[in-house]
Amino acid sequence: MADKACVPINSEIDIVTARQKGREMAQQLGFSSTELTLIATAISEVVRNIVEYAKHGELCVDIVQQGDKRGISVIAQDNGPGIPNIKLAMQDGYSTGKSLGLGLPGAKRLMDEFDIVSEVGKGTKVTMKKWVQKNVR
Amino acid sequence: MKRKETNEPSNEADTALRQELVEHFREKRELLRQQWVEQMTTKGLLAGMTREDIENESITIYDTCIVCLETGEYEGAQTYAMRMAERGVLRGMTTEQIIGGILTLRDVYGRSLFEWYQQDMERLSAALDIYEPVANKIISIVALAFVEEREKVVRQQQEAIRELSTPVLQVRDQLLILPIIGVIDTHRARQLTEQLLRTIRTRRAKVVVMDITGVPAVDSKIAGHLVQTVDASKLMGATVIVTGISPEIAQTLVTLGVDIAKMNTVGDLQGGIEVANQFLGYKVVRTYPEADLNHKEKKVQ
Amino acid sequence: MLVPILKQGDYLIASIQSELSDADLLKLRDDLVRRVSEFRSRGVIVDVTVLDVMDSFATRTLRSMAHMVMLRGAETVIVGIQPEVAFSMVQLGLRLEGVTTALDLEEGLSLLDHKIKGDNGLG
């Protein structure tokens, strides 16, 4: 199976493509149906963020291994305006655009790991991971 | 756990001395073993064991240790320690009994070496150089085996608790009951929410009575999870009635500022089911007079 | 992807057939809000059974749709939210305040009947 897949993000139509790609890869890894939905929803939120603020960017999904853990990594990257105050952007209900302001903090809640790096004028990179649960039948 | 470590004898003198120690311990086997058993008895480490058990076990342990010394291989000790830990933990032997026993044996061996070589300090020192690492290794093997066994038991119990999990019960058409008993953590909260949502779908439930009488405490995180369970059920068209909120949990919920107005709460499970019946348009009617019921019960007896 | 809107008696039924883009969703909202008065409908059902993701945008659009429909004098019921989707929505922090939900189309119809024809209904 392909280990890595990237989707260029240029318009809101790519949101659907990106989350389908993520769901496909997560499915190969053996995530439960609930987790597949969580992953697809998180991807939807971060990609929407790109469409709304940066217009163009890229979403990549990849398989990651750490010790005996296996999981999926999702990287959403853009060269947009960047986020001046990340702390503020990660607050529930904060939004400068027309959204509910739940996108980034919401995506963080859906995944196991969440990291955001942003530089004003240069762009934003969101890295999220979710691990396959072991011993859970 | 299968580690293989060989203490290669460094030179011929070493090998000779090692062999000498082994022969010494074999020769004094009965004497030293009896000393060991006596000391353990005095310390009360053998409580609950039969005479026969003590004889058999002490012989096996004694000999196993000597084999380790002789060959520098610990596989026998490892296997035995694991078996002992398995039985020990099952029989409810304390860690003190096992570790205390093996420490006592170390002392018995050590003392006998002191006596044996008391005229020749240099030789004693060389003998201890050989003996001590072996003794320490054996003790650590036994201790590790015990810790591992305990962990295994804990894992099995956790698994068992998870299996019991939380049943979602259908009591009548469109009505589910979810009795939650015991501590809820994030993992369990998630599991029971997923299970409830799936059952709502398959049973086409419209009302769920979630009884938390058996939940000792909630923190803000768990309260959040319970509210999520209620909200998610609502999204699927089912109303959740929460019953059995203890005074402590009520206090927590109010302190945390959980939006109570959105939650349907009823004092106890019985009340919850009555409200659910009203919701669903059921009316429960008693058809047998009490006398009849008593009569029936007698007949059954 | 166009969402077909069926008129059945006093109700409008929109049953989503595949994943929708943002534009599709907005179009559905506008169509429904327009047709409610066109057909003098009293109830609207949106069936989202096929959606395997409801993110913040979809939720917000459906909610605003329900509120607009209400202002036009009709009730909205969202039906068919999947267990996984419901779970994901609450994890994300999304709610459908002021919007009625039901298990499926059948339940949604009977809910509207109760509400509109005055029977005591659930929800």
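Keep in mind it's a predicted model, so treat the numbers as computed, not measured. (Residues numbered from 1 in each chain as written. Chains lettered and ligands numbered in written order. Predicted model: local features only at pLDDT ≥ 70, side-chain atom pairs only at ≥ 80, totals over all residues. Heavy atoms only, no water.)

As a further point, take the nonpolar core. Formed by 101 residues in total, the largest nonpolar core has its most connected members in Leu59(A), Val46(C) and Ile81(C). With 10 residues, helix H2 (residues 33–54) of chain A is the largest single contributor of residues to this core. Not counting chain neighbours up to four residues away, the residues in contact with Val46(C) comprise Ala14(C), Ile16(C), Leu28(C), Leu32(C), Leu62(C), Met65(C), Val77(C), Ile78(C) and Val79(C). In this structure, Val22(B), Trp36(B), Tyr80(B) and Leu124(B) belong to the second largest nonpolar core, which totals 45 residues. (Core = buried A, V, L, I, M, F, W, Y, C linked by side-chain atoms within 4.5 Å. Buried < 20%, exposed > 50% of the residue type's maximum accessible area, 1.4 Å probe, protein only. Helix = DSSP H or I, 4+ residues; strand = E, 2+ residues; numbered from the N terminus. Contact = heavy atoms within 4.5 Å.)

With that settled, the discussion passes to the domain arrangement of chain B. When its domains are assigned, chain B resolves into domain 1 (12–162) and domain 2 (169–280). Relative to domain 2 of chain B, the C-alpha centre of domain 1 of chain B lies at a distance of 55 Å. (Domains from an automatic or database assignment.)

Before going further, it helps to spend a moment on the pattern of salt bridges. For the coordinates displayed, the defined rule picks out 28 salt bridges over all chains. A salt bridge links Asp112(A) to Lys130(A), with the nearest nitrogen and oxygen atoms 3.7 Å apart. Remark: Lys130(A) occurs in strand E5 (residues 123–131) and Asp112(A) occurs in the loop between helix H4 (103–110) and strand E4 (113–119); sequence separation between them is 18 residues. As a salt-bridge pair, Glu55(B) and Arg51(B) come within 3.8 Å of each other at their nearest N and O atoms. Of this pair, Glu55(B) and Arg51(B) both sit in helix H3 (residues 51–71), separated by four residues, roughly a single helical turn. (Salt bridge = Lys/Arg side-chain N within 4 Å of Asp/Glu carboxyl O.)

Let's shift gears to the state of the cysteines. A full pass over the atoms with the stated rule returns one disulfide over all chains. Covalently, Cys6(A) is tied to Cys60(A) through a disulfide, its sulfur atoms 2.0 Å apart. Between Cys6(A) and Cys60(A), the S-S dihedral sits near 110°, and the bridge is therefore right-handed. In this pair, Cys6(A) sits in strand E1 (residues 4–9) while Cys60(A) sits in strand E2 (residues 57–66), placing the two residues 54 residues apart along the sequence. Residue Cys6(A) is classed as partly exposed on the basis of its relative accessible area, which comes to 36%. With a relative accessible area of 10%, Cys60(A) lands in the buried category. Considering cysteine sulfurs only, Cys65(B) is the nearest to Cys68(B), which forms no disulfide, with 6.1 Å between them. (Disulfide = S-S within 2.5 Å.)

Contacts between the two partners involve 20 residues from chain B, matched on the other side by 21 residues from chain C. The junction of chain B with chain C conceals about 2000 Å² of combined surface from both sides, 59% of it contributed by carbon and sulfur atoms. Ranking the residues of chain B by area buried against chain C places Arg201(B), Arg204(B) and Leu235(B) at the top, with a combined share of 36%. Summed over the shared surface of chain B and chain C, the result is five salt bridges. One salt bridge in this structure joins Asp104(C) and Arg204(B), with 2.5 Å as the shortest N-O distance. Counting across the chain B and chain C interface gives seven residue pairs in polar contact (both at pLDDT 80 or more). (Buried area = accessible area lost by both parts, 1.4 Å probe. Polar contact = N/O pair within 3.5 Å; in protein donor to acceptor, adjacent residues only side chain to side chain.)

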